[in-house]
Every structure is written in C-alpha cells, then in structure tokens.
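For reference, the chains in residue letters:
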There are 6 protein chains.
Amino acid sequence: MIFVTRKMHFNAAHRVYQPNWSDEQNQACFGKCANANWHGHNYDLFVTVKGEINPETGFVVDLNWMKKIIEEHIIEELDHKNLNLDVPFMKDKMASTEVLAVEIFNILKPLLLGDTYALHGIKLVETERNFVEYFGN
Amino acid sequence: MIFVTRKMHFNAAHRVYQPNWSDEQNQACFGKCANANWHGHNYDLFVTVKGEINPETGFVVDLNWMKKIIEEHIIEELDHKNLNLDVPFMKDKMASTEVLAVEIFNILKPLLLGDTYALHGIKLVETERNFVEYFGN
Amino acid sequence: MIFVTRKMHFNAAHRVYQPNWSDEQNQACFGKCANANWHGHNYDLFVTVKGEINPETGFVVDLNWMKKIIEEHIIEELDHKNLNLDVPFMKDKMASTEVLAVEIFNILKPLLLGDTYALHGIKLVETERNFVEYFGN
Amino acid sequence: MIFVTRKMHFNAAHRVYQPNWSDEQNQACFGKCANANWHGHNYDLFVTVKGEINPETGFVVDLNWMKKIIEEHIIEELDHKNLNLDVPFMKDKMASTEVLAVEIFNILKPLLLGDTYALHGIKLVETERNFVEYFGN
Amino acid sequence: MIFVTRKMHFNAAHRVYQPNWSDEQNQACFGKCANANWHGHNYDLFVTVKGEINPETGFVVDLNWMKKIIEEHIIEELDHKNLNLDVPFMKDKMASTEVLAVEIFNILKPLLLGDTYALHGIKLVETERNFVEYFGN
Amino acid sequence: MIFVTRKMHFNAAHRVYQPNWSDEQNQACFGKCANANWHGHNYDLFVTVKGEINPETGFVVDLNWMKKIIEEHIIEELDHKNLNLDVPFMKDKMASTEVLAVEIFNILKPLLLGDTYALHGIKLVETERNFVEYFGN
C-alpha cells in the first residue's frame with residue numbers, strides 16, 4: 001500500500017455565518033469572517049489516493065486522469081466562485097473549511113475508486129495558518 | 001542606503017469587471033474573474049522602506065511601528081473585506097492587483113517618510129503565480 | 001472525525017548539551033549545537049485537533065479561541081526566550097525539539113479537550129530540514 | 001513514541017516508459033513523461049524515524065548520523081544521476097516516484113533500525129504538485 | 001510604471017559540459033553537473049512586464065494572454081525536454097541557467113512589447129538554492 | 001550583464017539592545033528583542049553576483065567556488081553562534097539584521113570580485129516576515 005497525492009488549487013469567496021442567528025450572534029461567533037460582503041481565499045487542495053503499484057506502469061493511478069477528475073468535479077465547481085451562493089453541493093450548508101472538505105471527499109470517493117486503489121483523504125488549506133484534513137468516517 | 005521589508009497579509013473578495021461594458025464584453029476580457037458573485041484571494045503585501053541605519057538602534061525604522069502603520073491604514077481596510085464594495089479608497093476603481101498596489105503605495109508614502117528613510121516600493125502577491133510591484137512614479 | 005490544524009510560530013535561543021557530561025563529550029555528541037553562547041531558530045508549531053463538526057457553526061473548534069489558548073500557554077512562554085534558561089516547563093530538561101514537542105503536547109492536551117474534540121498531535125519545525133511530530137503516548 | 005523527520009534533496013533525470021510496449025502505447029499512457037531524451041526533477045525526500053527519546057541526549061536519533069546514512073546510501077546514488085540508467089537499485093524497474101519511494105524505503109529500513117527507533121516512512125516529492133508516501137508493507 | 005510578474009514552470013533534463021574539453025577538464029570544472037547520462041530540475045520561470053495601467057481594464061497586460069505566449073514559445077519548447085538535445089534555440093550552446101535565461105529573454109522581448117508595456121526581465125530558478133535574473137543588455 | 005544568486009543559511013542567537021541605555025529604554029525601544037537571555041533565528045542569506053557569461057563555461061561564476069567562499073568567510077563565523085558574543089566582525093556593533101547585512105556585504109565584496117563579475121547585493125532574511133537588502137554605498 002502506497003499513498004500518492006496531487007495538489008490542486010482554486011480561488012473562492014465565502015462568508016461564515018449562521019442564517020438562523022442575529023447579526024450580533026454571528027459577529028460574536030465568527031467575527032470578521034461573517035462580514036456581509038464576503039471575503040476570499042486561495043485554497044490549496046491535496047487529494048491522496050492509496051493503492052498498489054501497477055507493475056506495468058509503475059503508477060498507483062494515472063495522475064493526469066486523477067487531475068482531470070478533480071478539475072471536472074471539484075475545481076470547476078469552486079474556482080472563482082462564491083462558496084455560499086454558486087456551489088450546488090454547498091447549498092444550505094455552512095461555508096467553513098471543515099464542511100467543504102467533507103463535501104469534496106464525499107464527491108471524490110466514488111470517482112477515485114478502483115480495484116487496486118481508493119481515495120485515502122484530502123487536505124484543504126485555507127490560509128498559510130490553517131488547514132483541515134478528512135479521511136472519511 | 002539599505003532596504004528593509006515587512007511582509008503583511010490580508011484575505012479579501014473581489015471581482016474584476018468594467019461597469020461601462022456589457023456582460024459579454026466583461027466575460028470576453030476578464031473571464032471567470034468577472035463572475036458576478038465574487039471570488040477571493042489570500043494577498044501577501046511586502047512593504048519596503050529604504051534609508052540609513054540609525055547608529056543607536058541599528059535599525060532603519062522600528063518594524064513594529066511600521067507594522068502598526070500598515071495594519072491601521074491598509075490591513076484594517078482590506079482584510080476580510082470586498083475590494084469592490086467595502087473599501088473607500090478603491091471606490092469607483094477597477095479592483096485589479098495593479099490598481100490596488102498603486103493605491104496602497106500612495107497611502108503609505110506620506111506615512112512612511114522620515115528624515116532618514118522613505119517608502120521604496122511595495123509588492124502585492126495575489127496568488128502563487130502572479131504579483132505586482134510598484135515604486136511610485 | 002475531522003482534523004483541523006493551526007500554525008503558530010516563535011523565535012527562541014537554545015543549546016543542546018548534557019550538563020552531566022564533559023565539554024568533550026558534549027562536543028562529540030552534539031557538535032556545534034552545544035556551543036556555549038547559544039544559537040537559535042524560527043520555530044513553526046502546528047497544532048492539530050480532531051473532532052466532530054458542530055452543525056451550527058460548521059467548525060470543529062473556534063480557531064481564534066484555539067489560537068489564544070496556544071498564545072497564552074505556549075507562545076508567550078517561548079517566543080524571544082532562551083529554552084534552557086527562561087522556560088519553566090523546560091527546566092532541567094534537554095532543550096531538543098523532541099523534548100520541547102512532548103512538553104507542548106502535554107500542556108495543550110487538557111486545554112484543547114471538549115465533548116466533541118480533542119488534541120490530536122503537534123508538529124514542531126526547527127528548520128526547513130528537520131521537524132518532530134508527537135501524538136501522545 | 002515520537003516521530004522525527006529529516007529533509008534531503010537530489011536532482012535527477014528520468015523517463016517513464018514501459019520497454020515492452022510500442023512507442024504509441026507509451027505515448028498514450030505516459031505522454032511527455034515518456035519523451036526519449038529524458039527530463040528531470042528536483043526531488044525532496046523526507047525520511048521519518050519513530051522511536052523513544054533517549055533521556056541523556058533528548059534525541060530519538062542523532063540527525064547528523066541519520067543524514068550521513070541517507071547521503072551515503074541514497075543521495076550519492078541518485079543525485080545528478082539518470083534514474084533509468086545510472087542507479088543499480090532501479091535497474092529494470094519503472095522509474096516512477098512510487099517505485100523509487102519503495103526502493104528507498106527498503107534500503108533505509110535495515111539501516112535506520114535500533115533498539116529504540118525504526119524507520120517509519122518516507123515522503124518523496126517530485127514536483128510542487130505531486131508526492132508519494134510509503135510506510136512499508 | 002508598474003511591474004507585473006507571472007510565474008511559470010517546466011521540468012527538464014540537462015548536462016553542463018564543454019564539448020571542446022576532455023572528460024577530465026569537464027569533471028574538474030563542472031563536477032557532477034557534467035555526468036554523461038544527464039540530470040534534471042524543476043525550473044520556475046518568473047516573467048516580469050513593466051508598463052502603464054490601462055484605465056479601462058485596470059491591467060498592464062492580460063495575464064492570460066501573457067501566459068499563453070510564454071507557454072507557446074517557451075514552456076512547450078522546454079517542458080519534459082532535454083535542454084542539450086531537444087531545444088532548437090539551445091543548440092550548440094552551454095545548457096547553463098545563465099545561457100537559458102538570456103535565450104528566454106530574447107525570445108520573449110519582441111513578443112511582450114506593446115505601446116504601453118514591455119518585457120522588464122526574467123528570473124529563472126534552477127533549485128531552491130540558485131537562480132539567475134536577466135534584464136537585457 | 002546578468003545576475004546570479006546563491007542561497008545560504010545559518011542559525012544564530014542574538015539580542016538587540018543598546019548598552020548605553022537603561023533596561024527601561026531598551027525595553028521601550030526593542031521590546032522582547034532585548035530579552036536578556038537571547039533569542040534566535042534561522043537566517044537565509046541570498047548573495048547576488050552580476051557579471052558577464054563566460055562563453056566557455058556558460059557561467060558568470062562557479063557557484064561551488066562562490067559557495068565555499070561564503071561558507072568559509074560568513075557561514076562558519078555565524079552558524080550556531082551568538083551574534084553579540086561570538087562574531088569578531090560584529091563586536092561592539094548592534095546585532096540587527098541591517099548591521100549584519102552591511103558587514104556581510106563588506107566582507108564579501110573584495111572576495112567576489114573578478115574581471116568579469118562583482119558582488120551586486122545581498123538579501124538577509126531574519127523571519128518569514130522581515131528581510132533586509134543591501135547593495136553597497
């Protein structure tokens with residue numbers, strides 16, 4: 001079993017606020033992350049697949065194929081978008097890094113599954129100072 | 001003459017579009033950067049002062065003082081904000097990295113000016129792949 | 001279960017030497033790390049908490065709260081200090097990255113413990129070329 | 001149990017192609033990675049040892065000793081070499097990052113083994129965008 | 001006048017040796033960089049244009065257009081290639097970072113020239129530890 | 001004229017304080033940088049030489065030779081040392097990044113001087129957030 005990781009990135013706007021709360025509650029809990037007119041980040045996404053090495057190719061998976069899967073299903077949905085307004089799979093969800101990471105993992109899991117490999121986990125980096133890792137439940 | 005640089009950062013949302021143009025023109029020129037619901041970046045800002053070393057302190061300027069000036073006049077205005085909607089000094093201007101860099105320089109120039117030092121230039125990094133440098137005109 | 005990491009940093013001086021040994025033994029074992037007048041590093045500290053996502057906030061923990069806990073209990077004790085001389089919790093201990101990492105983990109463990117989250121581990125980076133990870137025993 | 005990592009690096013040329021296949025098959029599977037006249041990378045190698053802290057030294061292992069072991073057995077074999085042509089332990093193997101990582105791990109495993117420590121795993125970074133991790137089987 | 005930079009990258013093999021010299025002379029001067037079977041690098045290329053901000057777009061140049069120019073004329077020629085064997089504009093030239101930087105600059109200069117902007121310089125990074133900058137003659 | 005840069009590094013302890021001042025004055029001016037028992041940094045040093053490309057080698061200078069010069073005259077003096085106590089060329093000087101940069105430049109200038117090249121400047125990085133550049137007077 002060996003682990004192979006591909007780094008991707010996207011730029012997005014978001015706002016972290018709880019619509020069931022008052023503005024004061026949102027401000028107290030989320031501070032400037034709740035600002036009404038959005039802010040944004042350069043997100044780095046690391047996708048890790050675990051599997052066996054194919055003896056003919058030397059690869060666990062074809063990283064170009066994996067890149068295209070991630071681009072089509074994740075990056076095109078998120079890049080230069082508003083996570084709260086533009087992304088179907090984030091609709092009615094909190095636009096936190098944690099929630100976004102779980103959603104990305106759940107979308108990729110069935111797409112990156114083969115006889116000799118499977119999705120292991122993802123790491124989603126919001127800023128130089130904070131990131132989230134999820135490996136499924 | 002020696003050059004001293006302090007790195008700062010802020011996260012902001014923006015949209016690059018020309019309000020005098022049609023949606024089609026904006027899309028043709030700016031592509032996904034013109035998306036209606038904003039996107040965003042982790043911006044890194046490098047501020048460089050040039051000057052003489054004060055023989056008593058060994059410093060050109062007190063970097064903690066310089067940090068506070070930049071925080072008060074630039075970072076508090078930009079961090080977790082929408083560059084198009086929330087920032088007085090960007091009002092009615094294109095929210096490009098170039099325009100933002102010039103505005104930041106012009107604000108900081110009189111604030112970082114002393115008998116033995118002056119603002120030399122700024123570098124504004126929008127993503128790992130593109131940045132702008134401005135040294136005044 | 002999801003993992004959330006906050007990066008912190010501090011600058012410190014230290015010296016790695018065994019007071020029960022002769023200078024020759026220290027020199028043979030630790031080389032220039034044992035130099036009498038200290039040297040120092042820019043340390044990066046990554047603190048990782050694991051837990052469940054709070055459905056109301058979208059967060060595992062409030063990262064600003066976690067940052068303040070780490071600043072108060074770790075960074076204020078270590079930043080711009082001498083690890084051998086100034087830090088109560090390192091007294092009479094070897095000032096190695098390994099020992100420091102264990103001490104930091106043990107201090108943070110009860111502070112970063114809630115019903116739905118717990119400290120998972122820390123990563124302490126001494127230089128670009130070496131780091132230590134500790135997840136408790 | 002604590003984990004200690006040392007980063008090393010080497011620059012090498014390689015080509016990923018399957019000699020049992022036609023040029024067309026190689027092109028279809030490996031694309032430009034199969035180009036006849038080689039290409040190359042700056043590889044970063046992270047070697048992680050797990051073990052107990054020696055109470056006399058504060059170290060799990062002497063990182064200078066570990067660095068010399070890795071230099072002698074791995075870096076001198078790979079640095080400024082052609083992975084397909086020059087490296088005895090890669091002979092008749094696919095020169096992929098996955099295969100190289102497994103070979104490096106298997107060479108280091110018996111060399112980084114003591115009463116209180118053992119090789120935990122390695123991370124081999126081919127480019128900013130892809131890396132492989134192996135922890136043995 | 002403002003400066004805008006786009007970062008690109010390519011992976012290539014090369015060998016630094018002087019064909020008019022003996023193997024011994026090459027070994028003495030270039031060391032392992034002269035190894036017969038090539039080695040390689042992940043090159044980062046920073047291309048900087050200087051110019052005036054277009055008041056309608058807020059841009060000095062369209063960075064997507066500039067990226068395509070660099071990809072077509074430089075990256076496609078160099079990426080996953082052998083600098084000594086595969087690159088027409090490096091034929092019969094030393095495959096050093098310095099020579100490559102001058103050639104790249106000379107190719108890009110007429111391509112990145114407009115009424116309000118011009119190529120300022122390039123930075124070519126061979127490894128984390130060495131890079132070359134060229135601004136024309 | 002082309003510019004070639006070599007990155008070096010060293011780890012050192014220091015303290016920024018003015019011995020002619022009272023403790024209160026030092027604390028007011030330098031804050032925790034004046035702490036009595038020292039702190040330290042991982043310093044990165046970039047040394048840039050400008051010159052003409054030697055047509056026989058393709059190099060401005062032999063970077064291995066330049067590395068040895070810098071190691072012998074700068075790194076061995078500074079690495080794992082106390083800038084205030086251990087470094088002859090810093091004796092009775094303020095141990096600031098600015099002063100250190102000027103001293104390093106002045107030492108290297110006559111050593112990196114040839115018929116076709118000369119020292120252009122140095123960049124001394126104290127932390128991720130601040131650095132100094134000096135190009136002579």
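Just so it is clear, the structure is predicted and the values come from calculations on it, not from any experiment.

A. Structural context of the overall build of chain A. The secondary structure content of chain A amounts to three helices and five strands. Reading the secondary structure of chain A in the N-to-C direction produces β-α-β-α-β-α-β-β. Each of the three principal axes of chain A carries a C-alpha extent, and together these read 60 × 25 × 25 Å. For chain A, restricting intrachain contacts to residue pairs at least 6 apart in sequence, the fraction spanning at least 24 positions comes to 68%. For chain A, the accessible area works out to roughly 5800 Å², and carbon and sulfur atoms hold 48% of it. A gap of 3 Å separates the mean positions of the 13 positive and 19 negative side-chain charges of chain A.

B. Here's a closer look at the interface of chain B and chain A. Contact with chain B, which involves 24 residues of that partner, is made by 24 residues of chain A. At the boundary of chain B with chain A, total buried surface from both sides reaches about 1900 Å², with 44% on carbon and sulfur atoms. When the area that chain B buries against chain A is broken down by residue, the three leading residues are B:Asn37, B:Asn42 and B:His80, summing to 31%. Our count for the chain B to chain A interface comes out at four salt bridges. When the shortest N-O distance is used, the salt bridge between A:Glu128 and B:Lys7 registers 3.6 Å. The set of elements that each furnish at least two residues to the side of chain B that touches chain A consists of strand 1 (2–14), strand 2 (39–51), strand 3 (81–82) and strand 4 (117–127) of chain B. Broken down by element, the side of chain B that touches chain A gets its largest block of residues, five residues, from strand 1 of chain B.

C. Looking closely at the packing of helix 2 (residues 63–78) of chain B against helix 3 (residues 97–111) of chain B. All names here are of chain B. Remark: helix 2 packs on helix 3, axes separated minimally by 11 Å, with the N-to-C direction vectors making an angle of 140°. As the angle between them shows, helix 2 and helix 3 are arranged oblique. The way helix 2 lies across helix 3 gives a crossing that is right-handed. Across the interface between the two elements, Trp65, Ile69, Ile70, His73, Ile74 and Leu78 from helix 2 touch Leu100, Ile104, Ile107, Leu108 and Leu111 from helix 3. The residue makeup of the contact of helix 2 with helix 3, split by class, is ten nonpolar, one polar and no charged.

D. Summary view of the side chain of F:Arg15. Residues and elements named next belong to chain F. Here Arg15 is to be found in the loop between strand 1 (2–14) and helix 1 (23–30). In this structure, Arg15 is buried with no salt-bridge partner, the nearest side chain bearing the opposite charge being Asp23 at 5.1 Å. Among the polar contacts made by the side chain of Arg15, one reaches the main-chain carbonyl oxygen of Ala34 at a distance of 2.8 Å. Setting aside its immediate chain neighbours within four residues, Arg15 contacts Cys33, Ala34, Asn35, Ala36, Trp38, Asn84 and Ala95.

E. Focus on the packing of aromatic side chains. Per the counting criterion, the structure on display carries 42 aromatic pairs over all chains. Both rings, one in A:Phe135 and one in C:Phe3, keep their centres 5.6 Å apart while their planes meet at 75°; by these two values the pair is edge-to-face. Taken together, the positions of A:Phe135 in the segment after strand 5 (130–134) and C:Phe3 in strand 1 (residues 2–14) put the pair across two chains. Classification of A:Phe135 as partly exposed rests on a relative accessible area of 36%. Between C:Trp65 and C:Tyr117, the ring centres sit 6.1 Å apart and the planes meet at 70°, which makes this aromatic pair edge-to-face. One end of the pair, C:Trp65, is in helix 2 (residues 63–78); the other, C:Tyr117, is in strand 4 (residues 117–127), and 52 residues separate them in sequence.

F. View of the side chain of D:His14. Residue and element names in this part refer to chain D. Position of His14 among the secondary structure elements: in strand 1 (residues 2–14). Side-chain polar atoms of His14 contact the side chain of His41, separated by 3.4 Å. Among the polar contacts made by the side chain of His14, one reaches the main-chain carbonyl oxygen of Ala95 at a distance of 2.8 Å. Once you skip the residues sitting within four places of it in the chain, His14 turns out to touch Trp38, His39, Gly40, His41, Tyr43, Leu83, Asn84, Ala95 and Glu126.

G. Summary view of the pairing of strand 1 of chain B. Counting buried residues along strand 1 of chain B, twelve of its 13 residues qualify, which places the element largely inside the surrounding structure. In terms of strand pairing, strand 1 of chain B meets strand 2 of chain B through 13 bridges, oriented antiparallel. Bridge pairing links B:Met8 to B:Leu45 in strand 2 of chain B. As paired strands, strand 1 of chain B and strand 5 (residues 130–134) of chain F are joined by five bridges and run antiparallel to one another. Among the inter-strand pairings, B:Val4 is bridged to a residue of strand 5 of chain F, identified as F:Val132. Bridge count for strand 1 of chain B against strand 3 of chain B is two bridges, and the pairing is parallel. Across the sheet, the residue bridging to B:Ala12 is B:Lys81, located in strand 3 of chain B.

H. Looking closely at the relation of the copies chain B and chain A. By a simple turn and slide, chain B fits onto chain A: the slide is 0.0 Å along the axis, the RMSD is 0.0 Å, and the turn is 180°. Expressed as a symmetry operation, the mapping of one chain copy onto the other fits a two-fold axis.

I. A look at the interface of chain C and chain F. Chain C puts 24 residues into the contact, and the matching count from chain F is 24 residues. Each partner contributes to the roughly 1900 Å² buried at the junction of chain C and chain F, and carbon and sulfur atoms together form 45% of this total. The three residues of chain C that bury the most area against chain F are C:Asn37, C:Asn42 and C:His80, which together make up 31% of that side's buried surface. Applying the counting rule to chain C against chain F returns four salt bridges. Here chain C is connected to chain F by 17 residue pairs in polar contact (both at pLDDT 80 or more). Taken together, the elements giving at least two residues each to the side of chain C that touches chain F come down to strand 1, strand 2 (39–51), strand 3 (81–82) and strand 4 of chain C.

Cut-offs used in this document
Residues numbered from 1 in each chain as written. Chains lettered and ligands numbered in written order. Predicted model: local features only at pLDDT ≥ 70, side-chain atom pairs only at ≥ 80, totals over all residues. Heavy atoms only, no water. Helix = DSSP H or I, 4+ residues; strand = E, 2+ residues; numbered from the N terminus. Contact = heavy atoms within 4.5 Å. Areas by Shrake-Rupley, 256 points an atom, 1.4 Å probe, with all protein chains shown as cover. Lys, Arg positive; Asp, Glu negative; His and termini not counted. Charge placed at Lys NZ, Arg CZ, Asp CG, Glu CD. Buried area = accessible area lost by both parts, 1.4 Å probe. Salt bridge = Lys/Arg side-chain N within 4 Å of Asp/Glu carboxyl O. Axes fitted to C-alpha atoms, helices over the stretch in contact; angles between N-to-C directions. Parallel < 35°, antiparallel > 145°, perpendicular 65-115°, else oblique. Left-handed = near helix turned anticlockwise from the far one by under 90°. Nonpolar A, V, L, I, M, F, W, Y, C, P; charged D, E, K, R; others polar. Buried < 20%, exposed > 50% of the residue type's maximum accessible area, 1.4 Å probe, protein only. Polar contact = N/O pair within 3.5 Å; in protein donor to acceptor, adjacent residues only side chain to side chain. Phe/Tyr/Trp six-rings, centres within 6.5 Å; stacked < 30°, edge-to-face > 60°. Pairing = 2+ DSSP bridges. Least-squares fit on C-alpha atoms with pLDDT ≥ 70 in both.

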